[in-house]
Amino acid sequence: MTWPAILALTLGSYALKAVGLVALRGRRLPPFLDEVLVLLPAALFGALIVVSTLGGDRALVIDARVAGVAAAAIALWRRAGFVVVVVVAATTTALVRAIS
Amino acid sequence: MGRQPSIRRSAVALGVAVGVFGVSFGVIAVGAGLSVPMACAMSLFVFTGATQFAAVSVIDSGGSPLSAVGSGLLLGLRHIGYGLSLDRTLPRERRWRLAAAQFLIDESTAMALAQPDSADGRRAFWNAGLSVFVFWNAGTLVGALFGSVLGDPATLGLDAVFPAAFLALIVPLLRERDGRLAAATGAVIAAVLVPLVAAGLPIVLAAFGAVPVTALRRFAERREDGP
């Protein structure tokens, strides 16, 4: 790694973070795109959850993470709080990994 | 009342888990030949875990700094969608947004969007952004200086914390049928694309899953309104 590369990563990452934030600033889009924007976060985070649960090196992998996320889903369904959900996920995953 | 401490507690819990990954970033970065100041500068200024891990792993496997920048920025593309998603939650002044941009990450976005109104959303954005910033940077410094003091985060099950936390945070987005449909569509698109395209692209392309769901909703509404 070189310092110019770190500078490029810094400027590039900041630009990607800033561009969506300053693009609209409350301006309304055509109605169809406005509705797309409302559903955008659900689509993005649905994808992020799948990639962080199943993502491997260019492959889908089923491992102990799946058990942890399933346990978290059950905890959520039982109306557990955020911290409990996170602890349940980590503990379940660690246990499954330890015994497998 | 009551909501504010819960925002803070969630932000700290998330920060602690991220901090452990910060330690492993520090370890991996130094292992890939980065100096301690370089590792810390990345966490301070790039401040996006996925981008940093991707860039350092390219270097570690013998790639050039240029391809490290390329892979890293590919993983950062999803932030464009995050910025657009937060448009209605955050204050509109350009200067405010340019200052907030550095703290736009997965965690701050999800926590802000999980709140019922924009005042709480704004508070959640800063709580999560700053908590993760502090723990991530402290973790990086510890890992870069002392090595793997905490063991492998995977052994502790911490890699499952991220999907679990995001699942918990997006529950409010799933209350309506269209939200559930958009999340499912995005999830399927990403799952199909993971083996096919470079890391970082599946999530960005999954954003387009919101388009057919919107079209479907409009179609259904028109039929209801029709004769």
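Residues numbered from 1 in each chain as written. Chains lettered and ligands numbered in written order. Predicted model: local features only at pLDDT ≥ 70, side-chain atom pairs only at ≥ 80, totals over all residues.

Draft legend 1. The arrangement of the packing of helix H1 (residues 3-23) of chain A against helix H4 (residues 65-76) of chain B in detail. In the contact formed by H1 of chain A and H4 of chain B, the axes pass within 10 Å of each other and the chain directions differ by 15°. Between H1 of chain A and H4 of chain B, the interaxial angle falls into the category roughly parallel. Of the two elements, H1 of chain A crosses H4 of chain B, and the hand of that crossing is right-handed. From H1 of chain A, Ala-5, Ala-8, Leu-9, Gly-12, Ser-13 and Leu-16 of chain A reach across to H4 of chain B, where they touch Pro-65, Ala-68, Val-69, Gly-72, Leu-73 and Gly-76 of chain B. In the contact of H1 of chain A with H4 of chain B, the residues fall into 8 nonpolar, 4 polar and no charged. (Axes fitted to C-alpha atoms, helices over the stretch in contact; angles between N-to-C directions. Helix = DSSP H or I, 4+ residues; strand = E, 2+ residues; numbered from the N terminus. Parallel < 35°, antiparallel > 145°, perpendicular 65-115°, else oblique. Left-handed = near helix turned anticlockwise from the far one by under 90°. Contact = placed C-beta atoms within 7 Å. Nonpolar A, V, L, I, M, F, W, Y, C, P; charged D, E, K, R; others polar.)

Draft legend 2. Expanded view of the interface of chain B and chain A. Contacts between the two partners involve 84 residues from chain B and, on the opposite side, 62 residues from chain A. Among the elements that make up the side of chain B that touches chain A, the one with the highest residue count is helix H10 (residues 177-193) of chain B (11 residues). Here the residues of the side of chain B that touches chain A are counted per class, giving 56 nonpolar, 18 polar and 10 charged.

Draft legend 3. Inspection of the packing of helix H4 (residues 82-99) of chain A against helix H9 (residues 161-169) of chain B at higher detail. Look at H4 of chain A against H9 of chain B: their axes get within 9 Å of each other, and the N-to-C directions meet at 150°. By the angle between their axes, H4 of chain A is roughly antiparallel relative to H9 of chain B. The two elements H4 of chain A and H9 of chain B cross, and the hand of that crossing is right-handed. In contact with Phe-82, Val-85, Val-86, Ala-89 and Ala-90 of chain A of H4 of chain A, H9 of chain B contributes Val-161, Ala-164, Ala-165 and Ala-168 of chain B. Taken together, the residues of the contact of H4 of chain A with H9 of chain B break down into 9 nonpolar, no polar and no charged.

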